[in-house]
Amino acid sequence: MFTSFHEPADEGLRYLYSTDGYKWNAIDGIYLKPELGSQKIMRDPSMVRDKQGVYHLVWTIAWKGDKGIGYAQSRDLIHWENKKILPVMEHEPTTVNVWAPELFYDEDVDRFIIIWASTIPGRFPRGIEPEDNNQRMYYTTTTDFETFSPTKLFADPGFSIIDAVIVKKDKDDYVLVLKDNTRPNRNLKVAFADNPLGPYTDVSAPYSDYLTEGPSVIKIKDEWLIYFDSYGSKSYEAVSTKDFKTFEKANDRISVPEGHKHGTIFKASRKDLKKLLSR
């Protein structure tokens, strides 16, 4: 399944589903309305399903001003509980934004890693970015979504970065799929580490066009597909790779419903999908 939202992001959580990972279908309806934060929006919903079958969801609750992210959990993708704001940047009073949180389940140590992009003016060399858009990635970890490790810097590649996604390629082999958010680039790259928390190094050349963002990654047989929002061309696109070093356009092999925006691909049970479709 694929979490989704439609602009202007004030309606709430939507879903797509696929039986092969290439052809996606929309599921009618809104399954969680955005009620948290000062702006009451839901952007960039990211979801994982844990070993007990519980779905955990995080999302962006505001463009600017708020210093947390939204959280909720569900056992069936329909009924949600424990809805709350995770105040991940409350300790940094000058934080401009908290964008595009991504959930990663670290099976080796049974913990969840949450990463997101924030700007703290004056914290990093400005480069070519204005101070209110000089983003870096931060993280916290949790085992129960009740207690959290202190927020720490996750990735500073030396440029403004957003929309990062952790991918476990193999044992002790991780890839960070990221957006270079600097004005001349605004495209997708990858970096590498032997630990999900990094440090990630060897940032690649871009493999997507100008004005692309919001990557989500799925493995199908022997290839990885990286889906992303090509907001410059107002379309959803994908590239395929086997090694995260060479990439091929896969647009002719995928189908994504119109209006779908930046979400995360996750595995759901067939039973839960059937419930959604029956509604």
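Residues numbered from 1 in each chain as written. Predicted model: local features only at pLDDT ≥ 70, side-chain atom pairs only at ≥ 80, totals over all residues. Heavy atoms only, no water.

**Student:** What's the story with the sheet that holds strand S11 (residues 152–155) in this structure? I'm lost.
**Tutor:** Sheet strands line up and pair through hydrogen bonds in the backbone, either parallel or antiparallel. The strand order S8-S9-S10-S11 describes an open sheet built from four strands, whose pairing is antiparallel. Bordering the open sheet on either side are strand S8 (98–106) and S11, each of which pairs with just one other strand. Mean inter-strand twist for the sheet, computed between neighbouring axes without regard to direction, equals 35°. Across three bridges, strand S10 (residues 136–142) lies against S11 in antiparallel orientation. If you follow Met137 over to S11, its bridge partner there is Ala155. (Pairing = 2+ DSSP bridges. Helix = DSSP H or I, 4+ residues; strand = E, 2+ residues; numbered from the N terminus. Axes fitted to C-alpha atoms, helices over the stretch in contact; angles between N-to-C directions.)

**Student:** Hey, could you run me through the pattern of salt bridges in this one?
**Tutor:** If charged atoms from side chains of opposite charge come close, those side chains can pair. Counted by the stated rule, this structure contains 16 salt bridges. Between Lys249 and Asp209 there is a salt bridge whose closest N-O contact spans 3.6 Å. Placement of Lys249 in strand S18 (residues 248–249) and of Asp209 in the loop between strand S14 (187–193) and strand S15 (213–220) is noted, with a sequence separation of 40 residues between them. Under the relative-accessibility criterion, Lys249 is labelled exposed at 58%. Here Lys261 and Asp229 are joined by a salt bridge, their closest N and O atoms 2.8 Å apart. Of the two residues, Lys261 sits in the loop between S18 and helix H1 (270–278) while Asp229 sits in strand S16 (residues 223–230), which places them 32 residues apart along the sequence. Note on accessibility: Lys261 and Asp229 belong to one class, buried. (Salt bridge = Lys/Arg side-chain N within 4 Å of Asp/Glu carboxyl O. Buried < 20%, exposed > 50% of the residue type's maximum accessible area, 1.4 Å probe, protein only.)

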